Structure formats: C-alpha cells, structure tokens
Amino acid sequence: MEGSLCCCVFQRTRREWRPLEDRSCTDLPWFLLFTVFCVGMGCICSYTIVTGGAARLVFGYDSYGNTCGQRNEPIEGVRLSGLDHRDRQYVFFLDPCNIDIVQRKIKSLALCVSLCPGEEMKTYEDLKTFAMLNGSELCSYELAGHKYPGLPERFDKCPKLPVPPSKALPVFNRCTPVDVSCYAKFAEAVVTFVSDNSVLHRLIAGVMASKEIIIGLCLLALGLSMILMVIIRYISAVLVWILTAMVVLGSLAGTSVLWWLYIDHRLFSNTTAPRVAKETSEEAELDLDKRQALLVYAASATVFTVILLLLMLFMRKRVALTIALFHVAGKVFIHLPLLTLQPFCTFLALLVFWIYWVLVLLFLGTTGNPQQSEETGLTEFRLTGTLQYLTWYHAVGLVWISEFILACQQMTVAGAVVTYYFTRDKNRLPLTPILSSVLRLLRYHLGTVAKGSFIITLVKVPRLVLMYLHNQLKGKENACARCLLKTCICCLWCLEKCLNYLNQNAYAATAINSTSFCTSARDAFVILVENALRVAAINAVGDFVLFLGKVLIVTSTAFAGVLLLNYQRDFAEWLLPLFIVCLFSFLVAHCFLSIFEIVVDVLFLCFAIDTKYNDGTPGKEFYMDKALMVRVGSRSSIRVRLSGLQTEWSPGPLSALD
C-alpha cells in the first residue's frame, strides 16, 4: 500500500512500461486535499470582505475606525467613531510626509473628507475658506470650520502648514500630494543604493526617455530566446566540444604552470646553495615550506588532470548522447510549436495568482479588531487570537499554489513530449499535443501535481522561515548559530533542488504510465540510478550549454542596447535602461531555456525506458527518433519495418554509451 508521502516500503514488482495505453485518475485524495486548501484560501478572502477589511482598504478609513463613504457603527472605547461618512469619500492625512520608514506607513492623523485640496493653502484662513466654500473640513471632526483661525487646538488637529495640493488616487480614494518630493526620504529608504536624489531623478528620466527602446530590446530578447530554442540543436555540438577543449587545455595549462613554478623555485634554491650559511634558519624553513607547497599543488593538479582526462575519455560517448538529445529537442519544438507559449501561460497564471494573493494580504492588514496605538493614539485593525494564523495559512498558500502552477507546467510539457516520443509515425501526432496534455492533466493528474508540489512546499517553507530568522538576527547571533543557520538553509536548498528534479521525472513517468506520484517517482528513480553516468553527463554538459545560451541572449541584447542608447552621452541616463533590459532578457532566456531543459530531461527518460525494454527486434521496435538512432546506433543489427518491408540496418554500437 502506498504511504501518504512516499515514506512506506514498496513491494518491488516487475511491471512493463506501457506508454499512453491506459489512463486513470491518480492521487485523488491529494486532489481533494488541495481543493479543500484552496477553498480555505477563498474563505480567507471572503472573511476579509465580510468583516469590512476589503472595504477599509479600498475606500480607506480614518484614525477613529470610520470607513469613508459609509455609515459606520460605533466602536467601544474609541471617540468620534460611528460617524456617517457617506458624503466624505476621500482619506486626507494631516501630515502626509510623516512616514514610518520601518513599517512603510504614514503615521499622521487621517480624516475622511468630501474633497481633496487642489491648491496650496498657507494659512488657517485658507483652511477656513476651503471648508466654507466646498464643505470639506480638513481639521479634526470636533472643530468647527468657521473657527479654525482662533482655535488653540489647530496646531495639533489641523493639517501641517503649508498644505500641499493633492488629488485622489483612482480606486483607493486617498488624497495624495501632487508634488511627491516629500516622499524623498521614503524613496531613499526603498532604493538604498541611491544616496543622491539628483541621481535618482536622472535615472528615472533616462528610463522615461528610452521607454520605446527598452520595449524594443525586450521584444528582441523574446525573439532571440524563441529562435535559440530551435537552432540550439545545430550549435550544441560546437558548444560542447569547445567547452571540452577549454576544460582540458585549462587543466593541462594550470598543471604545467605549477610544475614550472616548482622546478624554477628548486633550481633557484640550488643556485643559491653556497649562500645558505648566511641565511637564517627561519628563511630556510620558509623556503622549504614554499617548495613543499608548490610540490603538493602540482601533484594535486596532476592527479586532477589525469582523472579529468580519463573522465573525458570515458564520458565522450555520453556527451554524444547529450548532443543527440539536444538535436531531437530542437525537432520537438518544430513539431510542437505551442511549447513556446508555455512560459507565457505559466507567467500569466502566476501573475494573476500573485495579484490575488497580494490583494488578500492587504485585506488582512485592514481586517480584525480595532485597537488604539499607545504611541500615537490612532485606531488600527489587527488580527488577534487564532485569527493571526490566517496570515500563516495565506503564506503557505503562496508557496503551495505557486509550486502547483509550476508543476502543472512540467506535467503539461512532459505529457506533450511523451506523446511525441512514443508516437512512431510523427505524421499521426494529435492535432494539438499540448492541448491534449492539458486535458489529460485536468482530467486525471491534478492530484499528482498537488502531491508533488506539496512535498516541495514542505522543504521550501522551513527554508524561507530560516532565511527570515537569519535576516532578523543578523548581527545579534553568535558565529556558531550563524554557521548553523546557513548550513541548514544550504542543506534545505540542495534537498529542494534534488526533489524538484525527481518530481519532474515523476511527472514524466506519470504521463507515460498514468501511475500515482510515489510509484512514478520510484520508477523514475530506478531508471535514473541505472543511467547515473548518463544523467551526470547530461546535467553537467547540458546545463552549461543552456547557461551559454542565456549568456548569448543577454550579451546580444546588451550590445544592441549600447548601440541604440549611445546617443545619450550621459552614462547615468542609460545605465538603468540597460540594466532593465539585461535583467528582462535574462529572465526571458531563463524561462524559455528552462522549457528546453525540461524537454531534454523528459526525452532522456523516454530514451532510457525505450532502450531498457526494447531491443529493435520484431515486436520490440524502438520508439526513438531516427536522428537519435543514427547518432547513438546499435551494437547489433536493428530490423526496422518500413511500409511493411523488412530491412537490415546496422548504424553502430548502441551500448557504446554505457
């Protein structure tokens, strides 16, 4: 029986892989659990709306707990609460520049007003005139507008003079100063690397002046990423062998230099032997230590170089397999062009969810019981008691649902690639393999991706908590505690990466056999262990080739940006636009080439299964692409049946890669 988190002992049974033959629902209890969890996320949003948190965020509320634009109920112990503000729709801050840098919030007294001041007011007479003409009183509610100039309370309960002109924010109904210069301190706290406001203004001006160029360069990076996924199969061989040559030559050169230094130092010591008597014992010991250190370094480098050369000699055929998989992956994108849309769909889904998550988090910030601050006397709404755990539940939801969306992408790509690989006649592929894979995911395998993403969440959440504690305790903990925290964070990060890789292969195994997550993870793990050297070669060489692809896209986009921005002679003006372009191009390249990496990994798993259970004989013909057969070959003759005719074909040793 299968355990809830793959912790039980499996009974090993020999089971044949039957690609795409049977299809059934997998991990249904986990799909129900994930559904219940999502319902809980929805209930949190509903709770914030019902209790008024959403309304307080959107419409705003004053410092006495009254929501603007509504009739309010009195709050026990809070004076001036329970007012009818249906004619006062905007939030006005008496001192909008009084900002708490740490909490990122305005500490000023807030009032609900019917109109934001559109012009600067320098005296209390101006406040009185504004109140009499527009009916919008900008001082505290208990002060009469026609008495503003003579009231002693005006210094504490009226706006700080001069009152800057302001206008209401769309949707959120806050009176915001037109001149945001008073937020310079806040901006400097957020943008800590800018210490001079003039530099900040010049950088922003450079971005605004170059916005068309920035958009064009971002589109260029997008186009280069899509083109690279198709042509990388033609240049992968060149990149791989260039990398191999650089590694070999670099190791030989480094070893040679170390031996030369050792021999030169020893010859120099021998030529100065007659003067040894004049040297002190300390100098002699120091000279001996240098020679011994150089000897150790040279010997170690020699051992490393020999091992590296042996590995290169032993792994060269497996490198050829990596090149072959890259070649076939390029053909996959030609047959399945909709794969290039996967990064857009995933990003859109994540963006929609993150916007929803942030909104609900803001709703939670204005939900709860009203409490008066002892420091300022202002009324704030805070979650108390067990309701505080709603924020933690919401935080876990951010991780689990984000990982779920990414897992759905991996399952969708794996399903499409599996369909491509195990369809012998590529002309008989489904009309839209991507859509078919999405439908199979929605119908059968949502529970599997829910379980896989939950396992990642179990590792990621503790790592994020430890990172938060490390940042909070920075400078306060001792060296031992700091080292322990960093070690735990590093171990959890490594475990997360390993689980991500195993999950991705488990999704591919599920797409092939329609088995549950734990069964698929076990089967995929067995296949990967049996092909450990191939996996190492593909991950080492393939990851570096894809990294070079990212570097190529970023540098090409940056070079084009330098040429287009060159007319702006001020370096500071095009530094930020160029940084934005480079960052965007790297993110785009990473998204697209990550899809390419998933395709290569799934192809390898399919290839390993194909070569394990098929040998090319009648009834056990290979599924692999002909290009892969030509590059990989077979030790024995492979009989390929084409159009009902039996032909003999012997391309070379398949097991030469083993």
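Residues numbered from 1 in each chain as written. Predicted model: local features only at pLDDT ≥ 70, side-chain atom pairs only at ≥ 80, totals over all residues. Heavy atoms only, no water.

- Naming follows an unreviewed UniProt entry, where the protein appears as Choline transporter-like protein of Gadus morhua.
- Looking at the Sequence similarities (unreviewed entry) heading of the UniProt record, one finds this comment for the protein: "Belongs to the CTL (choline transporter-like) family."
- Its UniProt record gives the protein a comment under Function (unreviewed entry), which states: "Choline transporter." (UniProt positions renumbered as here; feature names shortened; annotations may be inferred.)

## Thoughts on the packing of aromatic side chains
Stage number 1. Under the criterion given, the structure shown has 14 aromatic pairs.
Stage number 2. Ring geometry for Phe 37 against Tyr 393: centres 4.7 Å apart, planes inclined by 25°, an arrangement best described as stacked. One end of the pair, Phe 37, is in helix H1 (residues 28-50); the other, Tyr 393, is in helix H10 (residues 389-421), with 356 residues separating them in the sequence.
Stage number 3. Accessibility expressed as a relative area gives 10% for Phe 37, which makes it buried.
Stage number 4. Relative to Phe 517, the ring of Tyr 507 has its centre 6.3 Å away and its plane inclined at 50°; by these criteria the two rings are tilted. Here Phe 517 lies in helix H13 (residues 517-530) and Tyr 507 lies in helix H12 (residues 479-513), a separation of 10 residues in the sequence.
Stage number 5. Site record: aromatic cluster; members linked through ring pairs are Trp 30, Phe 34, Phe 37, Tyr 393, Trp 400, Phe 404 and Phe 454.
Stage number 6. The ring of Phe 381 is capped by Arg 56, whose NZ or CZ atom sits 3.8 Å from the centre of that ring. (Phe/Tyr/Trp six-rings, centres within 6.5 Å; stacked < 30°, edge-to-face > 60°. Helix = DSSP H or I, 4+ residues; strand = E, 2+ residues; numbered from the N terminus. Buried < 20%, exposed > 50% of the residue type's maximum accessible area, 1.4 Å probe, protein only. Lys NZ or Arg CZ within 6 Å of the ring centre and 35° of its normal.)

## Details of the state of the cysteines
Stage number 1. Applying the stated rule across the entire model yields 3 disulfides.
Stage number 2. One disulfide in the model links Cys 68 with Cys 112; its S-S distance is 1.9 Å. Measuring the twist about the S-S bond at about -80°, one finds the Cys 68-Cys 112 disulfide to be left-handed. With a gap of 44 residues between them, Cys 68 in the loop between helix H2 (53-59) and strand S1 (90-93) and Cys 112 in strand S4 (residues 110-113) connect regions that are remote in the sequence.
Stage number 3. Across the disulfide from Cys 116 sits Cys 175; the S-S distance is 1.9 Å. On the sign convention where negative means left-handed, the S-S torsion of about -80° between Cys 116 and Cys 175 marks this disulfide as left-handed. Of this pair, Cys 116 sits in the loop between S4 and helix H3 (124-134) while Cys 175 sits in strand S6 (residues 175-177); the two residues are 59 residues apart in sequence, bridging distant segments of the chain. An identical accessibility class is assigned to Cys 116 and Cys 175; each is buried.
Stage number 4. A disulfide-free cysteine, Cys 494 has its sulfur positioned 4.3 Å from the sulfur of Cys 490, the nearest such atom. (Disulfide = S-S within 2.5 Å.)

## Focus: the nonpolar core
Within soluble globular proteins, side chains that are nonpolar generally end up buried alongside one another.
Stage number 1. Counting 90 residues, the largest nonpolar core has Val 449, Phe 596, Val 599 and Leu 603 as its most contacted members.
Stage number 2. Those residues in contact with Val 449, other than ones at most four positions away along the chain, are Phe 404, Ala 407, Cys 408, Met 411, Leu 441 and Tyr 507.
Stage number 3. Counting 31 residues, the second largest nonpolar core, distinct from the first, contains Tyr 61, Val 91, Val 113 and Cys 175. (Core = buried A, V, L, I, M, F, W, Y, C linked by side-chain atoms within 4.5 Å. Contact = heavy atoms within 4.5 Å.)

## A short note on the packing of helix H11 (residues 433-472) against H12
Stage number 1. Viewed as axis vectors pointing N to C, H11 and H12 meet at an angle of 170°, and their least axial separation amounts to 9 Å. In this view, H11 runs roughly antiparallel relative to H12, as classed from their interaxial angle. (Axes fitted to C-alpha atoms, helices over the stretch in contact; angles between N-to-C directions. Parallel < 35°, antiparallel > 145°, perpendicular 65-115°, else oblique.)

## Side note on the environment of Arg 291
Stage number 1. Mapped onto the fold, Arg 291 is located in helix H8 (residues 281-335).
Stage number 2. Taking relative accessible area as the criterion, Arg 291 reaches 23% and is therefore assigned partly exposed.
Stage number 3. In sequence terms Arg 291 and His 265 are 26 residues apart; their C-alpha atoms lie 6.9 Å from each other.

## A closer look at the environment of Val 171
Stage number 1. Summarising the element assignment, Val 171 is placed in the loop between strand S5 (166-168) and S6.
Stage number 2. A sequence separation of 112 residues divides Val 171 from Phe 59, and the C-alpha atoms of the two residues are 7.8 Å apart.

## So, the packing of H1 against helix H9 (residues 342-365)
Stage number 1. Close contact between H1 and H9 brings their axes to 9 Å; oriented N to C, the two are set at 45°. With respect to each other, H1 and H9 are oriented oblique. The two elements H1 and H9 meet at a crossing, and its hand is left-handed. Between H1 and H9, the residues in contact are Met 41, Gly 42, Ile 44, Cys 45 and Thr 48 and Phe 353, Tyr 356, Trp 357, Val 360, Phe 363 and Leu 364, respectively.
Stage number 2. Residue classes in the contact of H1 with H9 are distributed as 9 nonpolar, 2 polar and no charged. (Left-handed = near helix turned anticlockwise from the far one by under 90°. Nonpolar A, V, L, I, M, F, W, Y, C, P; charged D, E, K, R; others polar.)

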